[in-house]
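Analysis of the macromolecular model
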Amino acid sequence: MSYPAPTLQGVSQPVPRPRQAQLALEFPGGSERPGDDPDVPLYDTTFVVVDLETTGGSADGDAITEIGAVKVRGGEVLGEFATLVDPGCPIPPQVVQLTGITTAMVRDAPRIEAVLPGFLEFAAGAVLVAHNARFDTRFLKAAAQQCDLAWPAPPVLCTVQLARRVLDRDEAPSVRLSVLAQLLGSGTRPTHRALDDARATVDVLHALIERVGNLGVHSLAELIGYLPEVTRRQRAKRHLAADLPATPGVYLFRGPGDEVLYIGTAVNLRRRVHSYFTGSDTRTRMREMVALATRVDHVECAHGLEAGVRELRLLVAHTPPYNRRSKFPRRAWWLTLTDEAFPRFTTTRTPTPDTLGPFNSRSHAVAVADTLADWCGIRTCTTRIPRTGRHGPDCPPATVGGCPASVFGKHSDATEYAIAPNLVRDLFAGRTDTPLHTMRQRIENLAATEQFEAAARLRDRTLTVIRALRRTQRLAALARLAEFVAARPDGAGGWEFAVVRYGRLAAAGTAPRGTRPMPVVDALTASAEAVIGPPVAPPRDSGHTSGSLGSRSQVPPEERTGGSFPGSYPCALEIGRRLSGSAAGLLDGVPGGLGDICGRCGKEDDVRRGWCGAEGAYPPLRGASPEETGLIVRWLAQPGVRIVRTTEGYAEPRLGAGRWGEWAALAAAAHADASDSAAE
């Protein structure tokens, strides 16, 4: 007996079998019961029940010899799929004895490359069901990888897991398919042949669904949620989700004292909250939270971005105990320079005008600081040097593991040292990328001399610096705009809108398909939240101020010129090329005039600062939450987002890290390849 090609049988009329009809799931009029999950009911869900025969138990070393599948919906058999498969190797004797499939039977059968595309098409859009589903899905995934096919990752239901959840051990000491088929009255006897076993699994599935239907499980979401063990008390609280809308928003679980226990976001509020009472979330903390909850409040939102922003703000306001990140709502670290005559790098929780971040951990910030110190000549010694002092040769140079600003026998005063911190400030703000060019050149030189390990280490350090710079500059580019309106397609012919002011979400709305979008935009901007930006710069004749951090000279906005993006005003101050140590020569090619005065305003400038301008008097995000601004920036980066209007151009610095995106992508790919090779 052989199967030269897959057999695909379409069934136009229901095939009568015992227990086929899912009568326990049907309600009058075919509608859901009040308060049930809005997902498709089980009697409208399409299942593809599959069974495989293989040459062994390992998906890595063995192969499929037979596929059998049955497509069912509402108790009706919609089609069957059956074929033998040539595994490309002899079938072991013990497998022949178990299944009856011999090597001769599969000799003329198609290979898996010819069979799998047809099966995936047969199962498309359905819930995949199998008895011991982990075994079958492992083989199917391995076959898809072998055939260079993308695994569609369908919802998977295991009848073994469902049987263990529904049947106690007194009723079913074993959950083997042959035992369950006899116990539940299957019309097909399992024979260790794929199609017969798939047909028997269909009967077992329907019998188990009938039983859980009597327990209030009527939709696929409820069935999947039923699999973990759920206490009766937990399931009894499903009424808390009954009145929630099926819209995007934020939900708040409240406890006996009306305190907020947990805050989350959802695309569909009713569905998401309902899942907490069906055991879909198996975390112990969530079960404990649900046990304490007495009611669920909600805030409807226009779309997912508004929901995410409101969640962040509510976490800061309530700090609910069951949200892990609410314990430290402002955990970000920033990398900045100390306010002294000979600045060093330091990490802080509060951003300053010359700062880089945010970083999720202090160790990450310190790693970036070490790299920048090496390539910008920032000292790492901790001795406090007065303004009139000198950085002397007592610090060993970086070449022997010492201070990057030191060279044997060389003293540096504050004027000579100032070029290094000025370079760092320009790098942070995107006014220069010279250090990145120098690091890249060093990587190429190391590779040319076959010092590949050293080149790889420097490549990874450079990639980390570029990512940190890009993050800061992207967030700052949005935070500097007084108003920014963007639109994103909603996928149904309409638009989602966001009004952003100084990096904060000021309004959100939608224009469904058929609605004129611009009147909606006008209404949103007119009613948007007022966000107070940084103070207006005073007139130029108010004098030039220099000195401590945050007291920069002020230049009227209409006179700001130069810089990498509108609104920045870098001075052309450069203290010559009197730099020693590893950073020597880094300023070659940096645009701007030479001298000890500001090239724009003509007045003496503080050599520790190196530039003036109203923009530099404020932290990069002007007080906006980095989490909120980051969420908005990620939303803007989604495909199809368009700029509706903006007060100024939305752009990153011309010499910022954005121009290094292609190099960074290549470096990241090389790092990933190296990691994969090391793992192998």
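Parameters and conventions
- Residues numbered from 1 in each chain as written.
- Predicted model: local features only at pLDDT ≥ 70, side-chain atom pairs only at ≥ 80, totals over all residues.
- Heavy atoms only, no water.
- Helix = DSSP H or I, 4+ residues; strand = E, 2+ residues; numbered from the N terminus.
- Buried < 20%, exposed > 50% of the residue type's maximum accessible area, 1.4 Å probe, protein only.
- Phe/Tyr/Trp six-rings, centres within 6.5 Å; stacked < 30°, edge-to-face > 60°.
- Salt bridge = Lys/Arg side-chain N within 4 Å of Asp/Glu carboxyl O.
- Pairing = 2+ DSSP bridges.
- Axes fitted to C-alpha atoms, helices over the stretch in contact; angles between N-to-C directions.
- Contact = heavy atoms within 4.5 Å.

1. With respect to unusual backbone geometry
- The omega torsion across Gly 357 and Pro 358 is 0 degrees, close enough to zero to call that bond cis.
- Along the chain, Pro 358 falls in strand S12 (residues 355-359).
- Even without being glycine, Asn 132 reaches a positive phi, approximately 65 degrees.
- You can see Asn 132 is positioned in the loop between strand S5 (127-130) and helix H4 (133-146).
- Taking the relative accessible area as the measure of exposure, Asn 132 reaches 39% and is therefore partly exposed.
- Here His 192, not a glycine, exhibits a phi torsion of approximately 65 degrees, which is positive.
- Here His 192 is to be found in the loop between helix H6 (177-183) and helix H7 (194-213).

2. Describing the packing of aromatic side chains
- Enumeration over the complete set of coordinates arrives at 12 aromatic pairs.
- Centroid distance Trp 660 to Trp 663: 6.1 Å. Interplanar angle 80 degrees. Geometry classified as edge-to-face. For the pair shown, Trp 660 and Trp 663 are each scored as buried.
- What links up through ring pairs into an aromatic cluster is the set Tyr 251, Phe 253, Tyr 262, Tyr 276 and Phe 277.

3. A few points about the pattern of salt bridges
- Inspection of every chain in the model, using the stated rule, returns 22 salt bridges.
- Between Glu 80 and Arg 199 there is a salt bridge, and its shortest N-O distance comes to 2.7 Å. Placement of Glu 80 in strand S4 (residues 76-84) and of Arg 199 in helix H7 is noted, with a sequence separation of 119 residues between them.
- Note on Arg 199: relative accessible area 22%, which makes it partly exposed.
- Here the salt bridges do not stand alone but share partners, grouping Arg 254, Asp 258, Arg 295 and Asp 297 into one network.

4. Remarks on the sheet that holds S12
- Strand order in this open sheet of 3 strands is S11-S10-S12, and the pairing throughout is antiparallel. Whereas interior strands pair on both sides, the edge strands pair on one side only; in this sheet they are strand S11 (345-348) and S12. Direction aside, neighbouring strands of the sheet carry axes that sit 25 degrees apart on average.
- Bridge analysis of strand S10 (residues 333-337) against S12 gives 3 bridges, and the strand direction is antiparallel. Opposite Thr 336, over in S12, you have Thr 355 as the bridge partner.
- Together, S10, S11 and S12 form the strand contacts of helix H13 (residues 362-376), whose direction differs from that of S11 by roughly 160 degrees.
- Lying on the sheet, helix H15 (residues 419-429) is in contact with S10, S11 and S12; it crosses S10 at an angle near 140 degrees.

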